[in-house]
Amino acid sequence: MLFHIDTIGLQAHPHPEDSSWYQIILLSSPVEFVVDFTAHKSESTALLFLSPYQHLSWKSASEPSAKRVLFHGDFYCIEFHKEEVACNGLLFNNIYLQPVVPIDERVYQEIELIVHKMHVEGSTGTAFSDSVIKAYLQLILALASKAKKQLIDSRAVANTRQRAVGTLFQQLLEDHFMSEHAIHFYAEKLNLSPNAFGKKIKQQLGKVPSSFIQERIILESKKLLHLTYLSIKEIATKLGFGDEHYFSRYFKKYVGVSPSKFREQVGISIVAQKSP
């Protein structure tokens with residue numbers, strides 16, 4: 001079975017946890033947590049979305065536990081359904097957006113009910129159970145995508161000029177991350193000293209530039225491992241690493257497993273391209 005519902009403890013723990021599956025965690029009350037070494041805080045009912053091998057640790061929570069939905073990419077391929085439910089890049093796999101989505105109490109209760117129905121359907125074990133569960137999962141993703149898009153739109157109107165450097169950095173990073181891994185490259189492009197550049201990005205985007213560069217490289221690494229049949233050596237070269245072994249050490253340092261182990265555990269997607 002490549003789908004599972006369980007209850008996860010929210011107690012603070014010194015070591016981050018991760019999973020080779022996608023995760024949706026229902027947060028019913030305020031909670032503080034860390035994803036991939038970046039602190040986050042949810043003040044209300046919310047959903048937390050995690051991609052395979054994202055590191056999660058809890059700092060404080062009003063409740064001792066939370067309901068969690070886990071699914072493997074072979075069970076529900078978010079890349080395949082990205083046109084129907086705009087979750088890939090909105091809920092999952094985006095280094096610029098928070099992984100937590102605040103939702104109002106009414107929508108939260110609706111999603112709780114859907115998760116309960118998924119659990120009941122999974123226990124029946126009928127020939128149609130997988131199809132029904134996938135439909136329920138798609139509904140959750142659609143509701144969350146709608147809430148996330150509304151939140152983004154409401155925040156995008158103000159402070160356009162103030163966030164100009166951060167926006168330009170995002171554009172530069174998307175254009176050059178495969179070949180340019182050094183902070184000074186991006187600082188020079190924006191006519192700033194590395195120190196001033198770092199302060200502005202931290203202020204506007206919440207993280208230092210080096211974190212964004214590392215996370216963008218790792219995100220693309222995961223995509224290439226999951227969505228293509230490229231060898232580890234080919235992926236290393238494509239991402240600007242002259243040495244395959246250095247790339248493997250770099251990947252393992254931030255993900256916790258080697259590129260080959262990641263591909264083995266997460267699998268190659270049904271929509272994988274023979275050459276990207």
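These numbers come from a predicted model, not from an experiment.

Asker: Explain the nonpolar core here, please?
Answerer: Side chains that are nonpolar tend, in soluble globular proteins, to be buried together. Membership of the largest hydrophobic core comes to 34 residues, with the highest contact counts inside it found for F169, L173, Y186, F247 and F262. Elements with a contribution of two residues or more to this core: α3 (164-176), α4 (183-189), α5 (194-205), α6 (209-227), α7 (232-238), α8 (244-255) and α9 (259-266). Ranked by residue count, the leading element in this core is α6, at 7 residues. Those residues within four positions of F247 in sequence are excluded, and the remaining contacts are S221, I232, I235, A236, L239, F241 and P259.

Asker: Any chance you could explain the confidence of the model for the protein chain here in plain terms?
Answerer: Note: predicted coordinates in regions of low pLDDT should not be interpreted at a detailed level. Here the protein chain averages 92 in pLDDT, while 96% of its residues score no lower than 70. Element-level mean pLDDT values for the protein chain span from 91 in helix α2 (residues 129-156) up to 98 in strand β2 (residues 22-27).

Asker: So what exactly am I meant to see when it comes to the pattern of salt bridges here?
Answerer: A side chain with one charge may pair with a side chain of the opposite charge, provided their charged atoms come close. Under the criterion given, the structure shown has 9 salt bridges. A salt bridge links E32 to K41, with the nearest nitrogen and oxygen atoms 3.9 Å apart. For the salt bridge of R216 with E174, the shortest nitrogen-to-oxygen distance reads 2.8 Å. Here R216, found in helix α6, pairs with E174, found in helix α3; they are 42 residues apart in sequence, far enough to count as distant. Exposure remark for E174: the relative accessible area of 35% places this residue in the partly exposed category. Salt bridges linked by common partners bring E32, K41 and E43 together as one network.

Asker: Which parts of the structure should I look at to understand the sheet that holds strand β4 (residues 38-42)?
Answerer: Working definition: the strands of a sheet are paired by backbone hydrogen bonds and lie parallel or antiparallel to each other. One open sheet holds the 3 strands; their spatial order is β4-β3-β6, and the pairing between them is antiparallel. If you trace the sheet from one side to the other, it starts and ends with β4 and β6 (56-61), each paired once. For this sheet, the mean angle separating the axes of adjacent strands, direction not counted, is 20°. Across 5 bridges, the pairing between strand β3 (residues 31-35) and β6 is antiparallel. Across the sheet, residue V35 finds its bridge partner in β6, namely L56.

Asker: Explain the side chain of S19 to me, please; I cannot follow it from the model alone.
Answerer: Positionally, S19 belongs in the loop between β1 (3-9) and β2. A polar contact is formed between the side chain of S19 and the backbone nitrogen of W21, at a distance of 3.0 Å. Dropping the residues within four chain positions of it, S19 is found in contact with S51, P52, Y53 and L70.

Asker: Would you mind going over the environment of P194 with me for this structure?
Answerer: For P194, the location among the structural elements is in helix α5. Each C-alpha atom, one on P194 and one on A39, is 24 Å from the other, the two residues being 155 residues apart in sequence.

Asker: Sorry, what's going on with α5 here?
Answerer: Count 3.6 residues to each turn of an α-helix, and residues three or four apart come out pointing the same way. For α5, which comprises 12 residues, the first-to-last C-alpha distance of 16 Å matches the rise-based estimate of 16 Å (1.5 Å per residue) to within 8%. Taken together, the buried positions of α5 are F197, G198, I201, Q204 and L205. Axial view of α5: buried residues confined to an arc of 145°, hence all on one face. The exposed residues of α5 that point more than 90 degrees off its buried face are N195, K199 and Q203. Of the residues flanking the end of α5, it is G206, one or two places downstream, whose phi is positive at about 90°.

Analysis parameters
Position labels on residues start from 1 in each chain and follow its written sequence. Predicted model: local features are reported for residues with pLDDT of at least 70 only, side-chain atom pairs are reported and counted for 80 or more only, and whole-chain, interface and lining totals are derived from all residues. Hydrogen atoms and water are omitted, and side-chain values are computed over all heavy atoms in the structure. Definition of nonpolar core: a set of buried residues of the types Ala, Val, Leu, Ile, Met, Phe, Trp, Tyr and Cys, connected through side-chain atoms within 4.5 Å. Three exposure classes are used, based on accessible area relative to the maximum for each residue type with a 1.4 Å probe and protein chains only: buried under 20%, partly exposed in between, and exposed over 50%. Under the scheme used here, helices are H or I runs from DSSP no shorter than 4 residues and strands are E runs no shorter than 2 residues, and both carry numbers assigned from the N terminus. Contact between two residues is taken to exist if any of their heavy atoms lie within 4.5 Å; hydrogens are not considered. Per residue, pLDDT measures the predictor's confidence, with a range of 0 to 100. A side-chain nitrogen of Lys or Arg and a carboxyl oxygen of Asp or Glu constitute a salt bridge if their distance falls within 4 Å. Here a strand pair is declared whenever DSSP counts at least two bridges between the two strands. To define axes, lines are fitted to C-alpha atoms, for helices over the stretch in contact only, and angles between the resulting N-to-C directions are given on a 0 to 180 degree scale. The term polar contact refers here to a pair of N or O atoms within 3.5 Å; inside protein, the definition further demands a hydrogen-donor-capable atom paired with an acceptor-capable atom, and it admits residues adjacent in sequence only when both atoms are side-chain atoms. What a helix should span is 1.5 Å times the count of its residues minus one. To be clear, the arc concerns the directions from the helix axis to the C-beta atoms.

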